[in-house]
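Working through the structure, step by step
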Amino acid sequence: MTNTNAAWGLLKARRFDEAVCAYTKQLREEPLKKWSNLAGLAESLMGACQYAEAILLFEEVSAYQRDRLAASAGRIEQIAVCHWMVGDRQGALDTVRDLVLDVRDGTVTFTDFAGGVSQGLVLCYMGITLRSDADVDLAMNYLKTLASRPRIKNWPGPAALFLLGGLTFGEAMKNAADTALSKPEADQEGWKRRYLTALFFTAGTERRMAGDEHGARMFFNECAGLTNPLVEYEWYVAKGEMSEPS
């Protein structure tokens, strides 16, 4: 369905500062569309690297969504990533860990196409980066459970299978390319970018787990070098890696 929303068009075009202004205007002028505009404003602020401001709006939108649908994940993953980007790394880790536990225990059932892989990958990254072995173990066991289910074939499932040793990097890359080709022609590049974001981020995490920091930074650089995929939030974390001293 075509979305003629002007602010959404700016966000989709990655014109984030302009999208912030447009969504702010729409919030004033379209009170009946408060929640869609508030969510769009939060996404635009995140894209514009205004993470602290985005957190406040994501929290409001998340509370609304989870109140309306108890099994929803709301915007918890975005909140965790924004906390990471403003330097609150322990808060980010705690937030994404709680989300993983909620999915594992069935409190949250509305997840990504692979059944909740994305937050497991983010938890694994944050755990290994902060040297929290318990969180890495939790993430890996969580992903192993998801890998036993049919939905793991959906992206970002193949990225998790690579991390778990079920696919080689080359096999996961081929899966990404082949799956993107199954999408409508106009959308193939966008889907492939999403899949590669997940895979490069995961490969960086895997290299860090192996003690290969040079390899980790190489893959995070590959991830951050992709055009912002908009909905794969680990891209921001990879981008943040590039500002870290070598």
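In this section: the pattern of salt bridges. Two side chains bearing opposite charge may form a pair once their charged atoms approach each other closely. All told, the structure shown has 15 salt bridges when counted by the stated rule. We note a salt bridge from Lys25 to Glu29, for which the minimum N-O separation is 3.0 Å. Taken together, the positions of Lys25 and Glu29, both in helix H2 (residues 16–29) and four residues apart, correspond to about one turn of that helix. On the basis of relative accessibility, which here comes to 41%, the residue Lys25 falls in the partly exposed class. The class of Glu29 is exposed, set by a relative accessible area of 51%. For Glu43, the salt bridge identified is with Arg75, shortest N-O distance 3.0 Å. With Glu43 in helix H3 (residues 34–47) and Arg75 in the loop between helix H4 (51–68) and helix H5 (76–85), this residue pair connects regions lying 32 residues apart in the sequence. Given a relative accessible area of 16%, Arg75 falls into the buried group. Connected via shared salt-bridge partners are Arg208, Glu213, Arg217 and Glu241.

Let's shift gears to helix H12 (residues 213–224). The end-to-end C-alpha separation of H12 is 16 Å, in line with the 16 Å expected for 12 residues at 1.5 Å each. All of the buried residues along H12 are Gly215, Ala216, Arg217, Phe219, Phe220, Cys223 and Ala224. If you follow the buried residues of H12, they end up packed against helix H7 (117–129), helix H10 (169–181), helix H11 (188–209) and helix H13 (234–241).

Here we come to the packing of aromatic side chains. In the structure shown here, the tally under the stated rule is 13 aromatic pairs. When the ring of Trp35 is compared with that of Tyr64, the centres are 3.9 Å apart and the planes differ by 5 degrees; the resulting orientation is stacked. Of this pair, Trp35 sits in helix H3 while Tyr64 sits in helix H4, and the two are 29 residues apart along the sequence.

Assignment of secondary structure puts Asp112 in the loop between helix H6 (89–104) and H7. Separated by 2.9 Å, the side chain of Asp112 and the backbone nitrogen of Ala114 make a polar contact. Within the local environment of Asp112, its side chain forms a polar contact with the backbone nitrogen of Val117, the two atoms lying 3.1 Å apart. Beyond its immediate stretch of four places on either side in the chain, Asp112 contacts Val117, Ser118, Gln119, Arg151 and Pro156.

Quick look at the nonpolar core now. Generally speaking, a soluble globular protein has its nonpolar side chains buried in company with each other. Counting 78 residues, the largest nonpolar core has Met46, Val117, Met126 and Leu143 as the members making the most contacts within it. If sequence neighbours within four positions are ignored, Val117 has contacts with Asp112, Leu143, Leu146, Ile152, Pro156, Gly157 and Ala160.

Calculation criteria
- Residues numbered from 1 in each chain as written.
- Predicted model: local features only at pLDDT ≥ 70, side-chain atom pairs only at ≥ 80, totals over all residues.
- Heavy atoms only, no water.
- Salt bridge = Lys/Arg side-chain N within 4 Å of Asp/Glu carboxyl O.
- Helix = DSSP H or I, 4+ residues; strand = E, 2+ residues; numbered from the N terminus.
- Buried < 20%, exposed > 50% of the residue type's maximum accessible area, 1.4 Å probe, protein only.
- Expected span 1.5 Å × (residues − 1).
- Contact = heavy atoms within 4.5 Å.
- Phe/Tyr/Trp six-rings, centres within 6.5 Å; stacked < 30°, edge-to-face > 60°.
- Polar contact = N/O pair within 3.5 Å; in protein donor to acceptor, adjacent residues only side chain to side chain.
- Core = buried A, V, L, I, M, F, W, Y, C linked by side-chain atoms within 4.5 Å.

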